[in-house]
Amino acid sequence: LKVLFTACWLESYLQIVTKDRKVQFLSFNPFQWILLQYIAFCALHDLPVQIVVPKGRQGGVSTFCQAWNYANAVLNDRKGLGFRAVTIAHTEESALTLFRMSSIFERRLAEEWTAELDTKQKGHFEWPNAGASVSVATIKSGDALGRGSTLNAIHGSEVGSWSDMGADASHAWTAVMG
């Protein structure tokens, strides 16, 4: 039920800016529905959610992951539970674009769901009750990625391009996974 509630919450409360610059509520595309069904399957069978998506660009995977992680941070903070998520991008420009999504979610969120953030800085939001957070960094951040308490979610964006940036993905995964 938690997955279903979160999915309904996403489409009811989170707004995105479309490619033609229109603001609208998030509405899952077919690929995002597949991701959601897999998450529900994992939750139903008490399995960790681990997804590798070999895909073309612009399928909505990063939008889905940013929305899912943001929603879980907000909803878990409301319950006094921590939820820490980090997105790792291949370039600074991509990191800014990805974090801008979370900023739009935050700015356009209905007042009854907003909370005063403890931290609201470039690439990082942190909620006050239990330290729920959403961060975006680049692969070049290296060992600094995800420092602190245990991460609940990691999204690697454009992982195939990480080596093009002179980064070793294994170092990043080691840093964020402890």
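A short tour of the structure in this document, coming up. (Residues numbered from 1 in each chain as written. Predicted model: local features only at pLDDT ≥ 70, side-chain atom pairs only at ≥ 80, totals over all residues. Heavy atoms only, no water.)

### Notes on a nonpolar patch on the surface
- Judged by side-chain polarity, Y38, F41, L47, V49 and I51 come together as a nonpolar surface patch covering roughly 430 Å² of accessible area.
- Inspection of the secondary structure puts V49 in the loop between α2 (30-44) and α3 (61-78).
- Judged by its relative accessible area of 42%, V49 falls in the partly exposed class. (Patch = residues over 30% accessible without salt bridge, like charges linked within 9 Å, V, L, I, M, F, W, Y side chains within 5 Å. Areas by Shrake-Rupley, 256 points an atom, 1.4 Å probe, with all protein chains shown as cover. Salt bridge = Lys/Arg side-chain N within 4 Å of Asp/Glu carboxyl O. Helix = DSSP H or I, 4+ residues; strand = E, 2+ residues; numbered from the N terminus. Buried < 20%, exposed > 50% of the residue type's maximum accessible area, 1.4 Å probe, protein only.)

### Things to note about the pattern of salt bridges
- In total, this model carries one salt bridge according to the counting rule given.
- The partner of D20 in a salt bridge is K22, with the nearest N and O atoms 3.9 Å apart.

### Some points on the packing of α3 against helix α4 (residues 92-108)
- It is the contact of α3 with α4, at a shortest axis distance of 10 Å, that shows an interaxial angle of 45°. One way to sum up the angle between α3 and α4 is to call them oblique. Considering the relative orientation of α3 and α4, their crossing is right-handed. On α4, the residues that touch S62, T63, Q66, A67 and Y70 of α3 are L98, M101, S102, F105 and E106.
- Counted by class, the contact of α3 with α4 contains five nonpolar, four polar and one charged residues. (Axes fitted to C-alpha atoms, helices over the stretch in contact; angles between N-to-C directions. Parallel < 35°, antiparallel > 145°, perpendicular 65-115°, else oblique. Left-handed = near helix turned anticlockwise from the far one by under 90°. Contact = heavy atoms within 4.5 Å. Nonpolar A, V, L, I, M, F, W, Y, C, P; charged D, E, K, R; others polar.)

### Notes on the packing of α2 against α3
- Where α2 meets α3, the closest approach of the two axes is 9 Å, and the angle between their N-to-C directions is 45°. Compared by their axis directions, α2 and α3 come out oblique. In the crossing of α2 with α3, the sense of the turn from one axis to the other is right-handed. Contacts from F31, Q32, L35, L36 and I39 in α2 reach V61, T63, F64 and W68 in α3.
- A breakdown of the residues in the contact of α2 with α3 according to their chemical character gives seven nonpolar, two polar and no charged.

### Observations regarding the side chain of T6
- As for its position among the elements, T6 is in helix α1 (residues 2-13).
- Setting aside residues no more than four positions away along its own chain, T6 makes contact with W68, A71, N72 and L75.

### Quick look at the side chain of Q32
- With respect to the secondary-structure elements, Q32 resides in helix α2.
- Exposure remark for Q32: the relative accessible area of 4% places this residue in the buried category.
- There is a polar contact of 2.9 Å between the side chain of Q32 and the backbone oxygen of G60.
- Ignoring any residue separated from it by four or fewer positions in sequence, one finds Q32 in contact with S27, G60, T63 and F64. (Polar contact = N/O pair within 3.5 Å; in protein donor to acceptor, adjacent residues only side chain to side chain.)

### Quick word on the pairing of strand β7 (residues 153-156)
- Of the two faces of β7, the one lined by A153 and H155 is fully buried and the one lined by I154 and G156 carries no buried residue.
- Note that strand β3 (residues 84-89) and β7 share four bridges and pair parallel. By the bridge assignment, A85 is partnered in β7 with A153. (Pairing = 2+ DSSP bridges.)

### So, the packing of aromatic side chains
- Per the stated rule, a full pass over the model turns up 10 aromatic pairs.
- With 5.5 Å between their ring centres and 35° between their planes, W9 and Y13 make a pair best called tilted. Note that W9 and Y13 are positioned in helix α1 at a spacing of four residues, about one turn of the helix.
- The class for Y13 is partly exposed, based on a relative accessible area of 24%.
- Between F64 and W68, the aromatic rings sit 5.9 Å apart at their centres with planes inclined by 15°, giving stacked as the arrangement. One end of the pair, F64, and the other, W68, are both in helix α3, four residues apart, so they sit about a helical turn from each other. Both residues of the pair, F64 and W68, count as buried.
- Put simply, the rings of Y70, F99, F105, F125 and W127 pair up and form one aromatic cluster. (Phe/Tyr/Trp six-rings, centres within 6.5 Å; stacked < 30°, edge-to-face > 60°.)

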